[in-house]
Amino acid sequence: MKKWAVIVAAVFLLLSGCSKKESVKKPDENAKKDVGKVEQKAAEKNEFPYYFPLTGKGSQTETDSRAVAVMINNHPAARPQSGLNKADIVYEILAEGNITRFLAVFQSEKPKNIGPVRSARDYYIDLAKGLNALYIAHGYSPEAKKMLNSGYIDNLNGIVYDGTLFHRASFRVAPHNSYITYDNVLKGAKMNHYSMDKTPPAFKFLSEEKAKKVTGNDAKSVKISYYTSGDFDCVYEYDSTTGKYKRFQGGEQTVDLETKDPILLDNIFIVEAKHEVIDKKGRRTIDFQSGGKGYLVQMGKVNEVEWKNENGRIVPMKNGEEVPFVQGKTWVNVVPTDPGMQKSVSFNVK
């Protein structure tokens, strides 16, 4: 009996051990796949280690170079311009009379040739200063000259470097023929011991997924009128296939002179600011400190916003919060409070 008891006990232990081994769960292959998907999604979200501060676009390499802000001539005799298609941000503002002038800011892309370069005004200088930019102009108003000579901002001016860093194009006449290459911008910065490592402060940007969900009133086209001069009225037309706006002025599409590449924009930011004529030549002062009304146009939609001067940067605001841009290029149109946005800006005009 004892022998049988021992045998039964041994068999029981053996069966018990087998049962425990079988009860150990094998790794779930589906769970492995799910983990892999999560890791892949995380990798996709963090695809780029760096982002450009003025466009929000990702980059595999560092994006900490200094911005370069160039005064660009917008007289009909200066069109089409060179380099505008590479600008991260362009500010279009009235200079004298009904003539607008551009401040084109380059950081994520470096155009080979830029121009025609035009003279400085104090409010453009302040905008460049807010972006820590190296400021490029050819000539200046009395107010701008004082600012530049005081060392207020690092700058290169064609008055000093005409024929050296700046060159005159033979196919246009002065003052519509001054150009500078990006290589000469860097050469001038080195000559003057200007640092090119002062990264501009970053704007806020929507993720690509959130950009697809932008809501607002329809804005398939936008027209901005500067007084009675049709030469400076600009029109933006939305292309739903690309999600970008094409720009037109004086009845012509805005393209690059050399490459014929069109200006394609992701954000149209329209701000209303007080303008005041200060001399007989029609020069102005513009209030970029007080804030005011604005429109933000993105993805075929428009929203009413406010604008605020945030340490020298003009940013869109709503309910006390900075409104993000869509990733990409931005054009800022500044219109006077008289006649104001309601009369200067129209949407969906055929």
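Residues numbered from 1 in each chain as written. Predicted model: local features only at pLDDT ≥ 70, side-chain atom pairs only at ≥ 80, totals over all residues. Heavy atoms only, no water.

## A look at the overall build of the protein chain
Phase 1 of the analysis: Helix and strand content of the protein chain: 8 helices and 25 strands.
Phase 2 of the analysis: In the protein chain, which comprises 350 residues, the share counted as buried stands at 48%.
Phase 3 of the analysis: For the protein chain, the proportion of contacts with a sequence separation of at least 24, taken over those separated by at least 6, is 63%.
Phase 4 of the analysis: Total accessible area computed for the protein chain in this model is approximately 18400 Å², and 53% of it derives from carbon and sulfur atoms. (Helix = DSSP H or I, 4+ residues; strand = E, 2+ residues; numbered from the N terminus. Buried < 20%, exposed > 50% of the residue type's maximum accessible area, 1.4 Å probe, protein only. Contact = heavy atoms within 4.5 Å. Areas by Shrake-Rupley, 256 points an atom, 1.4 Å probe, with all protein chains shown as cover.)

## Examining the environment of Ser221
Phase 1 of the analysis: By the secondary structure assignment, Ser221 is in strand β12 (residues 221-224).
Phase 2 of the analysis: What makes Ser221 buried here is its relative accessible area of 11%.
Phase 3 of the analysis: It is 5.6 Å that separates the C-alpha atoms of Ser221 and Phe347, two residues lying 126 residues apart in sequence.
Phase 4 of the analysis: Once you skip the residues sitting within four places of it in the chain, Ser221 turns out to touch Tyr236, Glu237, Ser346, Phe347, Asn348 and Val349.
Phase 5 of the analysis: Of note is the side chain of Ser221, whose polar atom sits 3.1 Å from the backbone nitrogen of Val349. (Polar contact = N/O pair within 3.5 Å; in protein donor to acceptor, adjacent residues only side chain to side chain.)

## A closer look at the packing of aromatic side chains
Phase 1 of the analysis: Applying the stated rule across the entire model yields 10 aromatic pairs.
Phase 2 of the analysis: Look at Phe102 and Trp331: their rings are 5.2 Å apart centre to centre, the planes differ by 85°, and that puts the pair in the edge-to-face class. With Phe102 in strand β5 (residues 100-106) and Trp331 in strand β24 (residues 330-336), the pair connects residues that are 229 residues apart, well separated along the chain. For the pair shown, Phe102 and Trp331 are each scored as buried.
Phase 3 of the analysis: A centroid spacing of 6.0 Å and a plane angle of 65° characterise the contact between Phe269 and Phe325, whose relative ring orientation is edge-to-face. (Phe/Tyr/Trp six-rings, centres within 6.5 Å; stacked < 30°, edge-to-face > 60°.)

## Looking at helix α4 (residues 142-149)
Phase 1 of the analysis: Restricting attention to buried positions, one finds in α4 the residues Ala144, Met147 and Leu148. Buried residues along α4 cover an arc of 95° about the axis, so they all sit on one side. The exposed residues of α4 that point more than 90 degrees off its buried face are Lys146 and Asn149.
Phase 2 of the analysis: Those residues of α4 that are buried are in contact with α3 (122-130), β7 (134-137) and β8 (155-157).
Phase 3 of the analysis: Among the residues trailing α4, Gly151 stands out with phi positive, at a value near 85°. (Arc of directions from axis to C-beta.)

## A few points about the pattern of salt bridges
Phase 1 of the analysis: The full count for this structure, using the stated rule, is 13 salt bridges.
Phase 2 of the analysis: Two residues, Lys86 and Glu109, come together in a salt bridge whose shortest N-O distance is 3.4 Å. Of this pair, Lys86 sits in the loop between β3 (68-72) and β4 (89-94) while Glu109 is found in the loop between β5 and β6 (113-114), placing the two residues 23 residues apart along the sequence.
Phase 3 of the analysis: In this structure, Glu209 engages Lys212 in a salt bridge whose closest nitrogen and oxygen atoms are separated by 3.6 Å.
Phase 4 of the analysis: One network of salt bridges, with partners in common, ties together Arg66, Asp154 and Lys198. (Salt bridge = Lys/Arg side-chain N within 4 Å of Asp/Glu carboxyl O.)

## Comments concerning the nonpolar core
Considering soluble globular proteins, one finds that nonpolar side chains tend to be buried as a cluster.
Phase 1 of the analysis: By size, the foremost hydrophobic cluster in this structure holds 44 residues, and its most contacted members are Ile136, Ile224, Tyr236 and Trp331.
Phase 2 of the analysis: Once residues within four sequence positions are removed from consideration, Ile136 is found in contact with Val68, Ala69, Val70, Met71, Val117, Leu156, Phe166, Ile180 and Val185.
Phase 3 of the analysis: Formed by 39 residues, the second largest nonpolar core is a distinct cluster that contains Tyr91, Tyr123, Leu148 and Ile314. (Core = buried A, V, L, I, M, F, W, Y, C linked by side-chain atoms within 4.5 Å.)

## Here's the deal with the confidence of the model for the protein chain
Phase 1 of the analysis: For the protein chain, the mean per-residue pLDDT works out to 89, and 86% of the residues sit at or above 70.
Phase 2 of the analysis: In the predicted structure, residues 1-27 sits below a pLDDT of 50 and forms 1 contact with residues beyond four places in sequence or in another chain. (pLDDT = per-residue confidence, 0-100.)

## As for the pairing of β24
Phase 1 of the analysis: Of all the 7 residues making up β24, 7 are buried; the element is thus mostly covered by neighbouring parts of the structure.
Phase 2 of the analysis: Burial along β24 is two-sided: Thr330, Val332, Val334 and Pro336 and Trp331, Asn333 and Val335, pointing in opposite directions, are all buried.
Phase 3 of the analysis: As paired strands, β4 and β24 are joined by 4 bridges and run parallel to one another. Looking at β24, one finds that Ile89 is bridged to Thr330.
Phase 4 of the analysis: Relative to β24, strand β17 (residues 267-273) runs parallel, the two sharing 7 bridges. Residue pairing for β24: Val271 is matched across the bridge by Val334. (Pairing = 2+ DSSP bridges.)

## Remarks on the environment of Arg247
Phase 1 of the analysis: Turning to its location among the elements, Arg247 is positioned in strand β14 (residues 244-249).
Phase 2 of the analysis: Look at Arg247 and you get buried, because its relative accessible area is 1%.
Phase 3 of the analysis: Note: C-alpha distance between Arg247 and Val222 (25 residues apart in sequence) is 9.5 Å.
Phase 4 of the analysis: A polar atom in the side chain of Arg247 sits 2.8 Å from the side chain of Glu92.
Phase 5 of the analysis: Engagement of the side chain of Arg247 in a polar contact is seen with the side chain of Gln249, the distance being 2.9 Å.

## Details of the side chain of His138
Phase 1 of the analysis: For His138, the location among the structural elements is in the loop between β7 and α4.
Phase 2 of the analysis: Residue classification places His138 among the buried positions, given a relative accessible area of 11%.
Phase 3 of the analysis: At 3.4 Å, the side chain of His138 and the side chain of Arg168 are in polar contact.
Phase 4 of the analysis: Looking at His138, its side chain comes within polar contact range of the side chain of Ser178, at 2.7 Å.
Phase 5 of the analysis: Apart from residues no more than four positions distant in its own chain, His138 is found in contact with Val117, Arg118, Ser119, Asn157, Gly158, Ile159, Asp162, Phe166, Arg168 and Ser178.

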